[in-house]
Amino acid sequence: MAVWDDLVGQDRVIEQLAAAARDADALVTAEATESAPPSAASASRMTHAWLFTGPPGSGRATAARAFAAALQCVSPDRAFGGAPGCGFCEGCHTTLVGTHADVEVVRTDVLSIGVKDTRELVRRAQLSPAGGRWQVIVMEDADRLTEGAGNVLLKAVEEPAPRTVWLLCAPSLEDVLPTIRSRCRSLTLRTPPVAAVADILVRRDGIEPALAAQAAQATQGHIGRARRLATDERARARRAAVLKMPLRVADMGGCLKAAQELIDAAAEDAKQVAEEIDTKETEELRAALGAAAGTGGRLPRGTAGAMKELQDRQKRRATRTQRDSLDLALSDLTGFYRDVLAIQLGSRVALANADARDTLERIASGSRPEGTLRRIEAISACRQALDRNVAPLLAVEAMAVALRAG
């Protein structure tokens, strides 16, 4: 299985990355054997900084990790014309599972990436690769860099170490500082076809074809969400509850109740994540700080600051988890009204929520397309308000009232 196999519906991007990986391999081989490097025209396909952009679910991080694996590929087949990125050698395998010494994957579970963390990445990027090939930094959430962190990163991208490669991922070019994106080679991924997403769910995850097709259609080609919807009964239940919201905003009381339940569901998601991760993190840190069982669980003097830092990080993670859960619900709600609009306009486009067709037709028959568009705009306004740190309950309540007004 080649490293590109998990990259669904991105043939053009795969072709470009595979060509760059071949040139990168030729550069390393030429340096190791002290032979002539590849021609300038060929070598230009490889560069030190890449920016992967595309809509949610397009596979930006998957593409970056696959490229990192291809750069670290040590398959003997390369000597006989084989392409880097076999998927089986030690370099490919350790990169894909996250244990390669020369590949750092950065993903944040909080709202932003700050200056301190970015400086540490820049320091690492100056090191020579331990395995003799490439030092690769994969930043899955480059759009979450603070302005200060972006300026720190800019210096490293402007003056990279000879064998360091930066792979940045963001939803769009506008989510990254202009000074950074101007120094990166940009690759834009598209939303994968629904049929291709369903196929990979069946092949890779062993999901029943009917369920895979329904999940892929419901998420409109978002691979991660489709897998979660197909494998998690709680995710399906939460989606079903969100799709009932348009029927529950007939009066002011229903609006406020529906908004509160949406917030409560997001808070429950955050709580589940905390239960799974926070306790383990806290126990591991206490053990590392020397809180022995024989001391009544008390921490040694001078270590309270480290524990406070962990607690602050856990609070920030809970905030992001709640917002991500809310954003997912709002995406489902947007898809619902998009289907309503398609029915009202007589469009033949496939419905994302075909399993809720009765509800869709009921809403469509009781309103006009102009009202549906205003409802979609209200959902978009709610998402923007959440991005500006408006209190979640107030933002969702305002949206619910707007959905009622139409």
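What this report covers is the structure whose coordinates are included nearby. Keep in mind that this is a model prediction, so the values were computed, not measured. (Residues numbered from 1 in each chain as written. Predicted model: local features only at pLDDT ≥ 70, side-chain atom pairs only at ≥ 80, totals over all residues. Heavy atoms only, no water.)

**Description of the nonpolar core**
Ranked by internal contacts, the top residues of the largest apolar core, which has 35 residues, are Trp4, Leu17, Trp50, Phe52, Phe67 and Leu167. Of all the secondary-structure elements, those providing two or more residues to this core are helix H1 (11–33), strand E1 (49–53), helix H3 (60–71), strand E3 (135–139) and strand E4 (164–170). In contact with Trp50, other than residues within four places in its own chain, are Leu17, Ala20, Arg45, Phe67, Val165, Trp166, Leu167, Leu168, Cys184, Arg185 and Leu187. Counting residues in each nonpolar core, the second largest holds 32 residues, with Val242, Leu262, Ala329 and Ala400 among its members. (Core = buried A, V, L, I, M, F, W, Y, C linked by side-chain atoms within 4.5 Å. Buried < 20%, exposed > 50% of the residue type's maximum accessible area, 1.4 Å probe, protein only. Helix = DSSP H or I, 4+ residues; strand = E, 2+ residues; numbered from the N terminus. Contact = heavy atoms within 4.5 Å.)

**Comments concerning the layout of surface pockets**
Estimated volume of the second largest pocket: approximately 650 Å³. Along the walls of the second largest pocket sit 20 residues, with Val110, Asp117, Glu309, Arg313 and Arg316 positioned nearest its centre. Secondary-structure elements contributing two or more residues to the lining of the second largest pocket are strand E2 (103–106), helix H5 (115–125) and helix H13 (304–344). A per-class count over the lining of the second largest pocket returns six nonpolar, three polar and 11 charged. (1 Å grid on protein atoms, 1.4 Å probe; cavity = no way out; pocket = protein on both sides within 12 Å on 5 of 7 lines; lining within 4 Å. Points joined across faces, edges and corners; volume = space filled by probe spheres on them. Nonpolar A, V, L, I, M, F, W, Y, C, P; charged D, E, K, R; others polar.)

**Here's the deal with a negative patch on the surface**
Together, Asp264, Glu268, Glu275 and Glu276 line one region of the surface with negative charge. A residue is classified by how much of its surface remains accessible, and Glu268, at 38% relative accessible area, is partly exposed. (Patch = residues over 30% accessible without salt bridge, like charges linked within 9 Å, V, L, I, M, F, W, Y side chains within 5 Å. Areas by Shrake-Rupley, 256 points an atom, 1.4 Å probe, with all protein chains shown as cover. Salt bridge = Lys/Arg side-chain N within 4 Å of Asp/Glu carboxyl O. Lys, Arg positive; Asp, Glu negative; His and termini not counted. Charge placed at Lys NZ, Arg CZ, Asp CG, Glu CD.)

**Considering the packing of H13 against helix H16 (residues 392–405)**
For the pair H13 and H16, interaxial distance at closest approach is 13 Å and the crossing angle is 10°. What the angle tells us is that H13 and H16 run roughly parallel. Residue-level inspection shows Leu326, Leu330, Leu333 and Tyr337 of H13 in contact with H16, the latter providing Pro392, Val396, Met399 and Leu403. Of the residues contributing to the contact of H13 with H16, the split by class is eight nonpolar, no polar and no charged. (Axes fitted to C-alpha atoms, helices over the stretch in contact; angles between N-to-C directions. Parallel < 35°, antiparallel > 145°, perpendicular 65-115°, else oblique.)

**Notes on the side chain of Arg163**
Mapping Arg163 onto the fold places it in the loop between helix H6 (147–158) and E4. Among the polar contacts made by the side chain of Arg163, one reaches the main-chain carbonyl oxygen of Arg133 at a distance of 2.7 Å. (Polar contact = N/O pair within 3.5 Å; in protein donor to acceptor, adjacent residues only side chain to side chain.)

**Thoughts on the packing of aromatic side chains**
If you walk through the whole model with that rule in mind, you get two aromatic pairs. Between the aromatic rings of Trp50 and Phe67, the centroid separation amounts to 5.1 Å while the plane-to-plane angle is 70°, which identifies the pairing as edge-to-face. Within this pair, whereas Trp50 is found in strand E1, its partner Phe67 is found in helix H3, the two being separated by 17 residues in sequence. Centroid distance Phe336 to Tyr337: 5.4 Å. Interplanar angle 85°. Geometry classified as edge-to-face. One residue, Arg163, lies across the ring of Trp134, its end atom 5.7 Å from the ring centre. (Phe/Tyr/Trp six-rings, centres within 6.5 Å; stacked < 30°, edge-to-face > 60°. Lys NZ or Arg CZ within 6 Å of the ring centre and 35° of its normal.)

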